[in-house]
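Coordinates in review
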Amino acid sequence: PSGSGQVATTMPQRSEKDDRYRIGYQDVLDVQVFRHPELNLRVTVNPNGVIYLNRLEKPIVAVCKTERQLANDIIDAYKVKYLRDPQVNVAIVEQKSQSVAVIGAVEKPGNFYVSRRVHLLELLAMAGGPNKEAGTRLIVARTGSSSNCQAPDADPAAGDEIALMGYKIRDVQEGKKTLWMQPGDVVSVLDADIVYVYGNVNHQGEIKVREPITLTQAIASAEGLKSATRMDRIRILRQKPDSLDREELVFNLKEIDAGKERDPYLEPNDIVAVSQDSAKSILLSVGNAFKYSIPTVITRVPVP
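Residues numbered from 1 in each chain as written. Predicted model: local features only at pLDDT ≥ 70, side-chain atom pairs only at ≥ 80, totals over all residues. Heavy atoms only, no water.

**Comments concerning the overall build of the protein**
Operational definition: Secondary structure is summarised from DSSP: a helix means a run of H or I of at least four residues, a strand means a run of E of at least two, and numbering begins at the N terminus for each. Using a 1.4 Å probe on the protein chains alone, a residue whose accessible area is under 20% of its type maximum counts as buried, one over 50% counts as exposed, and one in between counts as partly exposed. Any pair of residues with heavy atoms lying within 4.5 Å of one another is described as a contacting pair.
The number of helices and strands found in the protein is six helices and 15 strands. A burial count over the protein gives 40% of its 304 residues as buried. Put simply, 59% of the contacts in the protein that link residues at least 6 apart link residues at least 24 apart.

Here it is as structure tokens:
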């Protein structure tokens, strides 16, 4: 039997410490009733979260339950009118509801169906790890699970929000940062970061960054300084968070070389300005060079 109308379902409570797989929408289940082969059935959890079984008039709620919990509910249902002491086994044969995805600069992007909890690092391994185009960062988008298994006191509106979490790939690989994955998570491994070195260097332009890079390393990648460079005023033009403006950070390269000042790490889209031109002039030069491929470089900056 089947039904087309909406069926009211009550989600079972889920303990935060219970890591067993929970049945979700569109999962395919194998229901076996011992000594009653006529009741055996392979069934798909329908969009209402229920399944329909042979000889039972009412549907059984399946979503958010473990295999054992659902088997116990089926036993109780058959006991009402049909069987005296039924023995039931439920097995999930196809998991189609609780997937996590990995996209971006990895060897094997795609959806991964998991039957247990996995760490972010383990999921990266499933995707073959970062590829040669990967940069230094990844983002995890927590979109929510299609199984919609929430605690009884959870805010229903909370599932509509998407949380974004950023990590450095090296921190994840070294175990300094970890995250338990949840159904519906999307991991995006970002391409190589870009920093720009402009002004009085031997080779101006962009530098692709796949490892953290310092100011002096960026200058070395630009084949060093030209003569007559004022080394006590090397500037980094850095975009402010949630803004189109850039701030100007000034460093003394002589002090850095002498170990008296820290060698700062650059951030994605930093512009190293090695000249006495105004910040505005530097940005206009960068913008003219990259305006067709890097539109985000052209931003407003404070003019000294």
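Once the structure has been displayed, the description carries forward.
**Section: the side chain of R142**
Our working rule: Between N or O atoms, a polar contact is any pair within 3.5 Å; within protein, one atom must be a potential hydrogen donor and the other a potential acceptor, and residues adjacent in sequence are included only when both atoms are from side chains.
With respect to the helices and strands, R142 occurs in strand β8 (residues 134–142). Looking at R142, the relative accessible area reads 17%, which means it is buried. Within the local environment of R142, its side chain forms a polar contact with the side chain of D185, the two groups lying 2.6 Å apart.

**What to know about the layout of surface pockets**
The condition is simple: Here a cavity means grid points, on a 1 Å grid over the protein atoms only, where a 1.4 Å probe fits yet cannot get out; a pocket means an open set of points with protein on both sides within 12 Å along at least five of seven lines; lining residues are those with an atom within 4 Å of a point. Grid points are joined across faces, edges and corners, and a volume is the space filled by probe spheres set on the points. For this classification, Asp, Glu, Lys and Arg are treated as charged, while Ala, Val, Leu, Ile, Met, Phe, Trp, Tyr, Cys and Pro are nonpolar and the rest, including Gly, are polar.
Approximately 330 Å³ is the volume found for the second largest pocket. Lining the second largest pocket we find 18 residues, and of these T136, R137, K168, L266 and P268 sit closest to its centre. Going through the elements one at a time, β8, β9 (163–168) and β11 (193–199) are the ones with two or more residues in the lining of the second largest pocket. Of the residues assigned to the lining of the second largest pocket, the class counts are eleven nonpolar, two polar and five charged.

**Brief notes about the sheet that holds β11**
Applied cut-off: What makes two strands pair is DSSP finding at least two bridges between them. With axes taken as lines fitted to C-alpha atoms, and helix axes fitted only over the stretch in contact, angles between N-to-C directions fall between 0 and 180 degrees.
Ordered by their spatial adjacency, five strands build an open sheet running β12-β11-β15-β13-β14, and the pairing between neighbours is mixed. Looking at which strands have only one partner, the edges of the open sheet turn out to be β12 (205–209) and β14 (246–251). The average angle at which neighbouring strand axes cross in this sheet is 25°, direction not considered. In this sheet, strand β15 (residues 271–274) lies alongside β11 in parallel orientation, the contact comprising four bridges. Within β15, the position partnered with Y196 by the bridge is I271.

**Describing the nonpolar core**
Spelled out, the test is: Side-chain atoms within 4.5 Å link the members of a nonpolar core, which is a set of buried Ala, Val, Leu, Ile, Met, Phe, Trp, Tyr and Cys residues.
If you look at the biggest cluster of nonpolar residues, it comprises 28 residues, and the most contacted ones within it are L29, I51, L53, L70, I74, Y78 and V88. When contributions to this core are tallied by element, the ones reaching two or more residues are β1 (28–33), β3 (50–51), β4 (60–61), α1 (67–81) and β5 (88–94). Among the elements that take part in this core, α1 stands out by supplying five residues, more than any other. Excluding anything up to four places from it in sequence, L29 contacts I23, L41, R42, V43, V45, I51, A62, L70, A91, I92 and V93.

**Remarks on the sheet that holds β8**
The strand order β7-β6-β10-β8-β9 describes an open sheet built from five strands, whose pairing is mixed. Of all the strands in the sheet, the pair left with one neighbour each is β7 (110–113) and β9. Going across the sheet, the axis of each strand differs from the next one's by a mean of 20°, ignoring polarity. Examined bridge by bridge, strand β6 (residues 99–104) and β7 share four bridges and lie antiparallel to one another. Opposite V102, over in β7, you have G110 as the bridge partner.

**Quick notes on a nonpolar patch on the surface**
This is how the line gets drawn: Patch building starts from residues that exceed 30% relative accessible area and form no salt bridge, then joins like charges within 9 Å and nonpolar side chains (Val, Leu, Ile, Met, Phe, Trp, Tyr) within 5 Å. Accessible surface area values rest on a Shrake-Rupley calculation with a 1.4 Å probe, where residue burial reflects the displayed protein chains alone. The working definition used for a salt bridge is a side-chain nitrogen of Lys or Arg within 4 Å of a carboxyl oxygen of Asp or Glu.
A cluster of nonpolar side chains, namely I139, I162 and L164, defines an oily patch on the protein surface of about 300 Å² accessible area. Considering the arrangement of structural elements, one finds L164 in strand β9. What makes L164 exposed here is its relative accessible area of 64%.

**Notes on α1**
Our working definition: Picture the helix axis, draw a direction to every C-beta atom, and the arc is the one those directions span.
Three or more residues of α1 are buried, namely L70, A71, I74, I75 and Y78. All buried residues of α1 fall inside an arc of 145° around its axis, so they share one side. Looking at the packing, one finds that the buried side of α1 touches β1, β3, β4 and β5.

**Quick notes on the pattern of salt bridges**
For side chains of opposite charge, pairing can occur when their charged atoms come near one another. Scanning all chains against the criterion turns up eleven salt bridges. Ionic pairing is found between R235 and E248, a salt bridge with its closest N-O pair at 3.4 Å. Of this pair, R235 sits in strand β13 (residues 234–239) while E248 sits in strand β14; the two residues are 13 residues apart in sequence, bridging distant segments of the chain. Across the pair R238 and E267 runs a salt bridge whose closest N-O atoms are separated by 3.7 Å. Residue R238 is located in strand β13, and its partner E267 is located in the loop between α5 (253–257) and β15; the two are separated by 29 residues in the primary sequence. A relative accessible area of 13% means that R238 is categorised as buried. Judged by relative accessible area, which is 39%, E267 ranks as partly exposed. One salt-bridge network, in which partners are shared between bridges, spans R233, R235 and E248.

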